[in-house]
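One-letter residues, chain by chain:
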Amino acid sequence: MIDYHVHLWRHKPNLSLQASVDQMAEYCEHAAGLGVTELAITEHTSRFVQFDALLRGWWETDPSPELQAATLKYWDEELGADLDQYVETALAARAAGLPVVVGMEVDYFPGQMEKTARLLQGYPFDVLLGSVHWIGAWLINAPDWGPIAEREWASRGVERVWDDYTRSVEELAATATVDVLAHPDLVKISGHRPDVPDEFHDRIAEAARASGLAAELNSAGLRRPGALEAYPGPPLLRKFRDLGVPITTASDGHDVDYVSWRIGDLTAMAKAAGYTEVTTFRGRRPQPQPL
Ligand SMILES: [Zn+2]
Ligand SMILES: [Zn+2]
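Throughout, a residue's number is its position along its own chain's written sequence, starting from 1. As they are written, the chains are lettered A onward and the ligands numbered 1 onward, keeping that order. Local features in a predicted model are, by the rule used here, given only for residues with pLDDT of at least 70; side-chain atom pairs are given and counted only at 80 or more, and totals for whole chains, interfaces and linings are based on all residues. Each side-chain value is derived from all of the structure's non-hydrogen atoms; neither hydrogens nor water enter the calculation.

Peer 1: Can you walk me through helix 4 (residues 83-95) in this structure?
Peer 2: The α-helix advances 3.6 residues per turn, and as a result positions three or four apart in sequence lie on the same side. Strands are runs of DSSP state E lasting at least 2 residues, helices are runs of H or I lasting at least 4, and numbering of each runs from the N terminus. Multiply 1.5 Å by the residue count of a helix minus one, and that product is the helix's expected span. Across its 13 residues, helix 4 extends 18 Å between first and last C-alpha, which sits within 8% of the 18 Å expected from 1.5 Å per residue. Of all the residues in helix 4, the buried ones are L83, Y86, V87, T89, A90 and A93. End-on view of helix 4: buried residues confined to an arc of 160°, all on one side of the axis. The exposed residues of helix 4 that point more than 90 degrees off its buried face are E88 and A95. Categorising residues by exposure relies on relative accessible area from a 1.4 Å probe, with only protein chains included: less than 20% of the type maximum marks a residue as buried, more than 50% marks it as exposed, and the intermediate range marks it as partly exposed. What the arc describes is the spread of directions from the helix axis to the C-beta atoms.

Spelled out as structure tokens, the structure:
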């Protein structure tokens, strides 16, 4: 089994953002105890000073000063890692024999993906995940934006939020910047769902198929009281399967306790949806493995 989405650092202000081989070794040991044989280290692009230098201020196109201010605060609290130190440490971990591949979780920001791709191309990544976390300057999965989130859901309406999210997924896929669509239906995180989600599921699955992306089956949704199921749930997973979209399995753990969390359950879900393989990556090339 594989866990193709783990983070080194929690979402807390003022952490020391140093990668270490020791931490990766601890992750690998924990994962091995759960039957996982390969981990992709996939920290957020927004953690790194190199991406900050490139992207800072992207949120200023949002018409809401409050959302802009909230994102600015979050952005600055999360920032401070060095991309070279991160990549070199992951390479050192692999050279030491740990079963890790070098990855990144890449945020989608409209109009910013060309320069993002140019920066990424300077590093020997094995796999790039692509994520829609923001709609404009609204961070839809922010843990402590409760009042903001409820107001945005109420004022925009469920259909429009899902439509905006889905359009961002389509745009991200079309940029060909990444290899895997991370947590493909993250927009369900707060429990707001359209009466008939099929149209949105069809568009998300078709976006992955048309761009040759893999989709991720991510257990983080099972830890979120509003989501109550993996990202994606069974109906969207079956659509990916019907369109021949490859999958990875992923815990999205941000500390060792959640590394490879419920990967066995995800593997069973994938089999139940008709999958017989998961996809690993080397040098951004997919390499299927039997499930
Ligand atoms: Zn994410
Ligand atoms: Zn993540």
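Peer 1: I keep staring at the nonpolar core and nothing clicks. Help me out?
Peer 2: In a soluble, globular protein the nonpolar side chains are often hidden away together inside. By nonpolar core we mean a set of buried residues, namely Ala, Val, Leu, Ile, Met, Phe, Trp, Tyr and Cys, connected to one another through side-chain atoms within 4.5 Å. Among the nonpolar cores identified, the biggest contains 86 residues, and Y86, M104 and F125 are the most heavily contacted of them. Considering each element in turn, this core owes the most residues, six residues, to helix 7 (residues 158-175). Any two residues whose heavy atoms approach within 4.5 Å are treated as being in contact. For F125, the residues in contact, after removing those within four places along its chain, are L83, Y86, V87, V102, G103, M104, L120, G283 and R284. Formed by 11 residues, the second largest nonpolar core is a distinct cluster that contains V101, V127, V180 and A214.

Peer 1: Is there a simple way to think about the coordination of the zinc ion (ligand 2) in this case?
Peer 2: Under perfect tetrahedral coordination by four donors, a metal shows angles of 109.5 degrees; under perfect octahedral coordination by six donors, it shows angles of 90 or 180 degrees. For Na, K and Ca the donor cut-off is 3.2 Å, and for all other metals it is 2.8 Å, counting N, O and S atoms only; because water is absent from this set, sites may look incomplete. On the protein side, the zinc ion (ligand 2) has H5 (NE2), H7 (NE2), E105 (OE) and D252 (OD) as donor atoms, found 2.0 to 2.2 Å from it. Here the zinc ion (ligand 2) binds four donor atoms, and the angle range of 78 to 163° at the metal identifies the geometry as irregular. We note that the donor set of the zinc ion (ligand 2) lies within a single chain, spaced as H-x1-H-x97-E-x146-D. Between the two metal centres, the zinc ion (ligand 2) and the zinc ion (ligand 1), the spacing is 3.4 Å, with E105 acting as a shared donor. Of the two residues, H5 sits in strand 1 (residues 2-6) while D252 sits in the loop between strand 9 (247-250) and helix 10 (263-272), which places them 247 residues apart along the sequence. The geometry test gives tetrahedral to four donors whose angles all lie between 85 and 135 degrees, gives square planar to four donors and octahedral to six donors whose opposite members are over 155 degrees apart with all other angles between 65 and 115, and gives irregular to the rest.

Peer 1: Explanation requested: the packing of aromatic side chains in the structure shown.
Peer 2: By convention here, two paired aromatic rings are described through the distance between centres and the angle between planes. Stacked, edge-to-face and tilted labels apply to pairs of Phe, Tyr and Trp rings (six-membered ring for Trp) whose centres lie within 6.5 Å, assigned for plane angles under 30 degrees, over 60, and everything in between, in that order. Under the criterion given, the structure shown has 17 aromatic pairs. Ring pairs connect the aromatic residues W58, W59, Y74, W75, F109 and W134, which therefore count as one cluster. Lysine and arginine charges are scored as sitting over a ring when NZ or CZ, respectively, is within 6 Å of the ring centre and within 35 degrees of the ring normal. Here the basic side chain of R241 rests over the ring of Y275, its NZ or CZ set 5.5 Å away from the ring centre. When the ring centre of W261 is taken as origin, the NZ or CZ atom of R262, which lies over that ring, is 5.4 Å away.

Peer 1: Can you help me understand the pattern of salt bridges in this one?
Peer 2: Pairing between side chains of opposite charge can happen when their charged atoms approach one another. Between Lys or Arg on one side and Asp or Glu on the other, a salt bridge is scored when a side-chain nitrogen of the former is within 4 Å of a carboxyl oxygen of the latter. Under the counting rule described, the total for this entry stands at 24 salt bridges. Put simply, E43 and R47 hold a salt bridge, and the shortest N to O gap is 3.8 Å. Judged on exposure class, the residue E43 and its partner R47 are both buried. Across the pair R167 and D164 runs a salt bridge, and its minimum N-O distance is 3.4 Å. Within this pair, R167 and its partner D164 are both found in helix 7, separated by three residues, close to a single helical turn.

Peer 1: So what exactly am I meant to see when it comes to the coordination of the zinc ion (ligand 1) here?
Peer 2: Taken together, the protein donors to the zinc ion (ligand 1) comprise E105 (OE), H133 (NE2) and H183 (NE2), at separations of 2.0 to 2.1 Å. Each donor residue of the zinc ion (ligand 1) lies on one chain, and together they are spaced E-x27-H-x49-H.

Peer 1: Sorry, what's going on with the sheet that holds strand 2 (residues 38-44) here?
Peer 2: Strands belonging to one sheet form pairs held by backbone hydrogen bonds; the direction of such a pair is parallel or antiparallel. In short, DSSP must find at least two bridges between two strands for them to pair. A sheet is described by the order of its strands in space; here seven strands give the open sequence 1-2-3-4-7-8-9, paired in parallel fashion. The sheet terminates laterally at strand 1 and strand 9, the two strands that pair on one side only. Looking at chain direction, strand 7 (residues 180-181) and strand 8 (residues 214-218) are connected through two bridges and run parallel. Within the sheet, the bridge partner assigned to V180 lies in strand 8 and is A214. Every axis in this analysis is a line fitted to C-alpha atoms, fitted for helices over the stretch in contact. Angles between the N-to-C directions lie between 0 and 180 degrees. In the packing of helix 1 (residues 21-33) onto the sheet, contacts are made with strand 1, strand 2 and strand 3 (100-107), and the angle to strand 2 comes to roughly 130°.

Peer 1: Honestly, the layout of surface pockets in this entry has me stumped. Any pointers?
Peer 2: Space left empty within the atom packing is revealed by a probe, the size of a water molecule, rolled over the atoms. We place a 1 Å grid over just the protein atoms. Points where a 1.4 Å probe fits but has no way out form a cavity, open points with protein on both sides within 12 Å along at least 5 of 7 lines form a pocket, and any residue with an atom within 4 Å of a point lines it. Grid points are joined across faces, edges and corners, and a volume is the space filled by probe spheres set on the points. Looking at the largest pocket, its volume works out to about 580 Å³. Lining the largest pocket we find 26 residues, and of these H11, R223, R224, D252 and H254 sit closest to its centre. Polarity classes work like this: nonpolar for Ala, Val, Leu, Ile, Met, Phe, Trp, Tyr, Cys and Pro, charged for Asp, Glu, Lys and Arg, and polar for all others, with Gly in that last group. Partitioning the lining of the largest pocket into residue classes produces 10 nonpolar, eight polar and eight charged.

Peer 1: What am I meant to see in helix 6 (residues 146-156) here?
Peer 2: Every buried residue belonging to helix 6 is among I148, A149, E152, W153 and R156, and all of these are buried. All buried residues of helix 6 lie within an arc of 130° about the axis, which places them on one face of the element. Exposed side of helix 6, more than 90 degrees from the buried face: P147, A154 and S155 are the residues found there. Following helix 6 by one or two positions, G157 has its phi on the positive side, about 90°.

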